[in-house]
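Tertiary structure, described
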Amino acid sequence: MTTTALLPVSVGMPSRRLVMRIETLALILSLWFTASANPLFWGVALAGRSLSEPSSIFYAIALGVALTALHFVLLAVLATLVPRPTVRALLAFLAAGTAVATYFMQGYHVYLDPGMVRNVLATDPREAGELLSYAMVLPIAVRLLPPLALIYAVDIRSQPALNAIGVRVACVAVALLVGVGALMTSFKDFSAFMRGNKEARYLITPANLLYSSVRVAIADGAAKQTRQPVGTDAVLGPGWADRTKPVLLVVVVGETARAANWGLSGYARQTTPQLAALDVINFPKVTACGTSTEVSLPCMLSAVGRRAYDEERIRNSEALPHVLAHAGWRVVWLDNQSGCKGTCDGLETWRPEPAAMPAICPDGNCFDSALVSGARTLTAGRAENTVLFLHMIGNHGPNYAKRYPAEFRHFTPTCETADLGRCTQQEIVNTFDNALRYTDHVLAQTIAFLKEKQATHDTAMIFVSDHGESLGEYGLYLHGMPYAVAPSVQKEVPMVMWVSDQYRSSFSLNTDCLRARAVEPVAHDHLFHSVLGLLDIRSGIYDSRYDLASACTAPLQSDANAKSRRSIERSSPSARTDEPYA
């Protein structure tokens, strides 16, 4: 008796998996992105329009076709640039990135421009962990699972290379023609929309993610490893010949504190009770360099600031801490945040060790009072000219409740989660204000520390926040919006100055004059030059026009610096005030 071997039923059977070209897959994904990943863009583009009107429907269809064509071109180009076996993984990765980006953009109403991508890349694991919650799983899954299922449910058709290239080029050409044609049918409406909403392009997802990521990669790749020296001629001014004590200046860089909620500046609530009891000088009208730490911190510590903003030049040049070091000062950067963004490269740095400060650092995250403890340790037994930069975690959101100890829970009820959508606006504001009261406490601690050092140093403190924050106004949260469209609450920040009596006498500083100057508009641009002026440091980089105290000090210092600057300008035609790095 003969037997026949049983073969697997799949042998010889045609595959039931769907087979399609890469172009077809890219088109389907592009349609999905247009429909599911752009709620903010559609909200802005169709604002004030009624979809019951035929013209609005036609305009929306034209925009939808253009967005789909744009994303098809981007996906087709990406698929051409990578090896064919990796196309599926690339598309899956992009779908995941798009779903996550859409969730956070919609949840916090943020624009995904190069600055925001840089912020994301600079976020440390602690900050990232605070953004994660179970509530984000479902909305991300809804946007991610359908394209993932499609990507891995189909087989990509294989074809000769020349044929594949020809088809790809033809499809891209057709997509460009269709996209441009669609916009031309509603060109009047589209051009008017873009003229009034230029930053809306950063709401088109995932085009914004791809474009901004490439921009950041190119900029970082071109960044110089060695920063251009700045202020290497810095020396102590002639007034130092008569001084008997070294100086200890503390520059406190705040995080996300906004002027609108600052008690000293007239806020309805008292968020600065301890500073209000001290002899401080408050600056109520201060404009920030940017709306994120990644932009503002390098900018506020640069000689050029916002008035002639050049990101590449700022990032590739030395900053204020380096100029102080050139003048022979000890400079230390104390950080309770995500680093100095290059402004302290090559200088002494310090970070709190949670294990050594368990009371101040619960759960491994340190409150800002740890910086004051660090300052006390670093200056113990040392009598030398010193500038300490204290970089706070401040009001870093969205989990404001983690920025202060329980005893500072003054305003209630509070928002105890990073998912701001689960809290009322009043709860968010209450929590933000509690964090401000803790910043007020830390600044008062800093002043108390400086008073302790008066026996050995002339002491002073400057506090200024890096940027502000949106707390639900106009549906906006957090910060980082493009500067041109950012609301004032993200750009207006608090600033405070304190000087000891000995410092005031030693530097012939007229504080009444400085108080009068403080009520006038101020910008981050003033910080660099004001610090040099207050410390009587002479350099060609110094510009008295941006020194807040230049008119409030003895003539010897300001005149000497002015003469130094005029001398340099005469000897170097390129040494213009609007190009301080020349």
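Residues numbered from 1 in each chain as written. Predicted model: local features only at pLDDT ≥ 70, side-chain atom pairs only at ≥ 80, totals over all residues. Heavy atoms only, no water.

1. Comments concerning the packing of aromatic side chains
- In this structure the tally under the stated criterion is 13 aromatic pairs.
- For the ring pair tyrosine 103 and phenylalanine 104, a centre distance of 5.0 Å and an interplane angle of 80 degrees mean the geometry is edge-to-face. In this structure, tyrosine 103 and phenylalanine 104 share a single accessibility class: buried.
- Ring geometry for tryptophan 240 and phenylalanine 507: centres 5.8 Å apart, planes at 85 degrees, overall edge-to-face. One end of the pair, tryptophan 240, is in the loop between strand E3 (235–236) and strand E4 (247–254); the other, phenylalanine 507, is in the loop between helix H18 (501–506) and helix H19 (511–518), and 267 residues separate them in sequence.
- An aromatic cluster is present here, built from Trp240, Trp329, Tyr503 and Phe507 joined pairwise through their rings. (Phe/Tyr/Trp six-rings, centres within 6.5 Å; stacked < 30°, edge-to-face > 60°. Buried < 20%, exposed > 50% of the residue type's maximum accessible area, 1.4 Å probe, protein only. Helix = DSSP H or I, 4+ residues; strand = E, 2+ residues; numbered from the N terminus.)

2. A closer look at the environment of serine 539
- Residue position: serine 539 is located in the loop between strand E14 (537–538) and helix H21 (555–571).
- Residue class for serine 539 comes out buried when judged on its relative accessible area of 0%.
- C-alpha separation for the pair serine 539 and alanine 327, spaced 212 residues apart in sequence, amounts to 9.0 Å.

3. Concerning the pairing of strand E5 (residues 281–287)
- Relative to strand E12 (residues 492–499), E5 is paired through 5 bridges, and the arrangement is antiparallel. Of the residues in E12, the one forming a bridge with valine 286 is valine 493.
- Here 2 bridges tie E5 to strand E13 (residues 522–523), and the two strands are oriented parallel to one another. Note on E13: the bridge partner recorded for threonine 287 is alanine 523. (Pairing = 2+ DSSP bridges.)

4. Side note on the pattern of salt bridges
- Under the defined criterion, the tally for this structure stands at 21 salt bridges.
- Measuring nitrogen to oxygen at the nearest pair gives 3.3 Å for the salt bridge that ties arginine 243 to aspartate 536. Of this pair, arginine 243 sits in the loop between E3 and E4 while aspartate 536 sits in the loop between helix H20 (525–534) and E14, and the two are 293 residues apart along the sequence. Aspartate 536 shares its class with arginine 243; the two are buried.
- Here arginine 504 makes a salt bridge to aspartate 501, at a shortest N to O gap of 2.5 Å. Taken together, the residues span about one helical turn, with arginine 504 and aspartate 501 both in helix H18 at a distance of 3 residues. (Salt bridge = Lys/Arg side-chain N within 4 Å of Asp/Glu carboxyl O.)

5. Examining the state of the cysteines
- The full count for this structure, using the stated rule, is 5 disulfides.
- Here cysteine 513 connects covalently by a disulfide to cysteine 552, the sulfurs 2.0 Å from one another. Handedness of the cysteine 513-cysteine 552 disulfide follows from its S-S torsion of about -65 degrees: it is left-handed. Remark: cysteine 552 occurs in the loop between E14 and H21 and cysteine 513 occurs in helix H19; sequence separation between them is 39 residues.
- A relative accessible area of 24% means that cysteine 513 is categorised as partly exposed.
- The exposure class of cysteine 552 is buried, given its relative accessible area of 3%. (Disulfide = S-S within 2.5 Å.)

6. Focus: unusual backbone geometry
- Cis rather than trans, the peptide bond between glycine 397 and proline 398 has omega equal to 5 degrees.
- One non-glycine residue, serine 508, lies in positive phi territory at about 50 degrees.
- Topologically, serine 508 is positioned in the loop between H18 and H19.
- Taking the relative accessible area as the measure of exposure, serine 508 reaches 40% and is therefore partly exposed.
- One non-glycine residue with positive phi stands out, namely aspartate 536, at about 55 degrees.

7. With respect to the confidence of the model for the protein
- Chain-level pLDDT for the protein is 90 on average; 92% of the residues reach the 70-or-more range.
- Segment residues 1–12 is flagged for pLDDT under 50; beyond a separation of four residues in sequence, or across chains, it makes 0 contacts in the model.
- Ignoring residues within four places in sequence, the model shows residues 556–582, a span with pLDDT below 50, making 49 contacts including any to other chains. (pLDDT = per-residue confidence, 0-100. Contact = heavy atoms within 4.5 Å.)

8. Section: the nonpolar core
- Judged by nonpolar contacts, the single largest core of 104 residues is most densely connected at Phe41, Leu334 and Met461.
- Apart from residues no more than four positions distant in its own chain, phenylalanine 41 is found in contact with Leu63, Leu67, Phe193, Ala200, Leu203 and Ile204.
- Counting 56 residues, the second-largest nonpolar core is a separate cluster that includes Met300, Cys340, Phe389 and Leu532. (Core = buried A, V, L, I, M, F, W, Y, C linked by side-chain atoms within 4.5 Å.)

9. Observations regarding the pairing of E4
- Burial of E4 is extensive: 8 of the 8 residues sit out of reach of the surface.
- Across 8 bridges, E4 lies against strand E9 (residues 458–465) in parallel orientation. Within E9, the residue paired with glycine 254 across the bridge is serine 465.
- Where E4 and strand E8 (residues 386–391) come together, 6 bridges link them in parallel fashion.

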